[in-house]
Amino acid sequence: AVFMLGFLAITVVLQGYSAFWQTRIALDVTIDPAKVDPQNTRLPESLMLGDYQAVVRDSLGGLFPEVDSRADRRALNDFLSNAAGDDVRRMVLENPALVGQTVPVEVLASDDIDMLAKGRIDRAAAEADRPIKDQQIGWFDKLDQQGMIASSFNVDFFATGDSREPEQAGVGGALMGSLLTILTAIILSLPISVAAAIYLEEFAPKNRITDIIEININNLAAVPSIVFGLLGLAVLLGFFGLPRGAPLVGGMVLSLMTLPTIIIATRAALKAVPPSIREAAYGVGASKQQVVMHHVLP
């Protein structure tokens, strides 16, 4: 089992580490006013709606004047991600004076070009068996020889969420959702479970009711997590109609799942407190509540 786990971890790292790097194409982009600000207002709301993707495509096409057919232009445009113009848009919004000028920009390449740059596409394979055609490989080699293919750390991988385009996908949304879900679970479960453990261990009388409660807590700790998930789906989402995409529901389900575990652990910790602590507190006149809250719990 340890060997298989290590093999899985090594395989994931070897196949996935390249996601932390993204391929970009260095271009001298001419920001055409007719495409980014046709009304010539230089207002942010007008510049936001500009066709920056077309500006980037024109700059790339200018490097290959021999490409004139529609099919070849489409193949050349496949070098660019559909978010290639976003960097130019951000630059123009920060400095509208760039409109009409030619500025050097490293734009995001498409996923196929990214895989080609990282050596994950076999050039020796038949043309029909790979997503990149021979003509596109020639264009790529020309750009690479001119030093226009760059690789940078993929900061967007930690800031963006899911995307249909692989080069734009990231784990930012998943990380934030996980953090908010865990935070919700801690806020809900920690105070309740610690309070329940203190009551059951220090204050609750030993009778049939407390025995039933303890048995149920132990049983809940052994329930598979999928059961809690189905409970949240049926009750929280189905009956109460809570928002499906909010971390509140996930946090509530996680808090239900962790309650018995924290209660059991807290009770074990309370039992481990030396009796001398209690006896010393009682000896100086502390009440039951003072003994528990001021001495045993800390």
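Above this note sits the structure.
Within any chain, residue numbers begin from 1 and follow the written order of that chain's sequence. Side-chain atom pairs in this predicted model are given and counted only at pLDDT of 80 or more, local residue features only at pLDDT of at least 70, and totals for whole chains, interfaces and linings cover all residues. For the side-chain quantities, the full set of heavy atoms in the structure was used; hydrogens and water were omitted.

Enquirer: Any details on the overall build of the protein? Residues and values, ideally.
Expert: Within the protein, the regular secondary structure consists of 14 helices and 3 strands. A globule of 298 residues ought to have a C-alpha radius of gyration of about 19 Å, yet the protein, at 31 Å, is considerably larger. In terms of overall dimensions, the protein has a C-alpha envelope of 95 × 55 × 40 Å along the principal axes. The rule is simple: take the accessible area with a 1.4 Å probe, protein chains only, and divide by the maximum for that residue type; under 20% is buried, over 50% is exposed, in between is partly exposed. Taken over 298 residues, the protein has a buried fraction of 32%. Secondary structure elements are taken from DSSP: a helix is a run of H or I of four residues or more, a strand is a run of E of two residues or more, and numbering for both begins at the N terminus. As a reference, a globule follows 2.2 Å times the number of residues to the power 0.38, and the radius of gyration itself is taken over C-alpha atoms.

Enquirer: How would you summarise unusual backbone geometry if you had to cite specific residues and measurements?
Expert: Despite not being glycine, Asn40 shows a phi value in the positive range, around 55 degrees. Here Asn40 is to be found in the loop between helix 2 (33-36) and helix 3 (44-47). For Arg42, which is not glycine, the phi dihedral falls at a positive 60 degrees. Examined against the element boundaries, Arg42 turns out to sit in the loop between helix 2 and helix 3. Judged by its relative accessible area of 30%, Arg42 is partly exposed.

Enquirer: Can you tell me about the packing of helix 9 (residues 172-203) against helix 14 (residues 288-296), naming the residues and giving the values?
Expert: Across the interface, helix 9 lies against helix 14 with an axial gap of 12 Å and an inter-helix angle of 130 degrees. The angle between the axes of helix 9 and helix 14 places the two elements in the oblique class. As for the relative orientation of helix 9 and helix 14, their crossing is right-handed in sense. Touching Ile198, Glu202 and Phe203 of helix 9 are Lys288, Gln289, Val292 and Val296, all from helix 14. Each residue gets one of three labels, nonpolar for Ala, Val, Leu, Ile, Met, Phe, Trp, Tyr, Cys and Pro, charged for Asp, Glu, Lys and Arg, and polar for the others, Gly among them. The residue inventory of the contact of helix 9 with helix 14, partitioned by class, reads 4 nonpolar, 1 polar and 2 charged. The axes are straight lines fitted to the C-alpha atoms, using for helices just the contacting stretch, and the angles between their N-to-C directions are given from 0 to 180°. Note on angle classes: values under 35 degrees are labelled roughly parallel, values over 145 roughly antiparallel, values of 65 to 115 roughly perpendicular, and the remainder oblique. The hand of a helix crossing depends on one turn: near helix anticlockwise from the far one by less than a right angle means left-handed, and clockwise means right-handed. Whether two residues are in contact is decided by their heavy atoms: any pair within 4.5 Å suffices.

Enquirer: Explain the sheet that holds strand 2 (residues 102-108) to me, using residue names and the numbers behind them.
Expert: The 3 strands lie next to each other as 2-1-3, forming an open sheet whose pairing is antiparallel. Each end of this open sheet is capped by a strand with a single partner; those strands are strand 2 and strand 3 (149-153). Taken over all neighbouring pairs, the strand axes of this sheet differ in orientation by 40 degrees on average, direction set aside. Against the sheet, helix 4 (residues 52-61) makes contact with strand 1 (21-30) and strand 2, and its axis sits at roughly 85 degrees relative to strand 1, the strand it touches most. Should DSSP find at least two bridges between two strands, the strands are regarded as paired.

Enquirer: Pulling in residues and values, what's your account of helix 8 (residues 134-145)?
Expert: In this analysis, the expected span of each helix is defined as 1.5 Å times one less than the number of residues it contains. Its 12 residues place the ends of helix 8 16 Å apart at the C-alpha level, agreeing with the 16 Å of an ideal helix rising 1.5 Å per residue. When we look at burial in helix 8, the residues that qualify are Gln136, Ile137, Trp139, Phe140 and Leu143. Buried positions in helix 8, seen along its axis, are confined to an arc of 160 degrees and lie on one side of it. Looking at the buried positions of helix 8, the neighbouring elements they touch are strand 1, helix 4, helix 5 (70-77), helix 7 (111-117) and strand 3. A positive backbone phi angle near 70 degrees is found at Gly147, which sits one or two residues after helix 8. Directions from the helix axis toward the C-beta atoms define the arc.

Enquirer: Describe the pattern of salt bridges, with residues and values.
Expert: Every case where a carboxyl oxygen of Asp or Glu lies within 4 Å of a side-chain nitrogen of Lys or Arg is listed as a salt bridge. Evaluation of the coordinates by the stated rule reveals 13 salt bridges. Between Arg267 and Glu201 there is a salt bridge whose closest N-O contact spans 3.0 Å. Taken together, the positions of Arg267 in helix 12 (residues 247-271) and Glu201 in helix 9 put the pair 66 residues apart, joining distant regions of the chain. For the pair shown, Arg267 and Glu201 are each scored as buried. Among the charged side chains, a salt-bridge network with shared partners connects Glu201, Lys206, Glu214 and Arg267.

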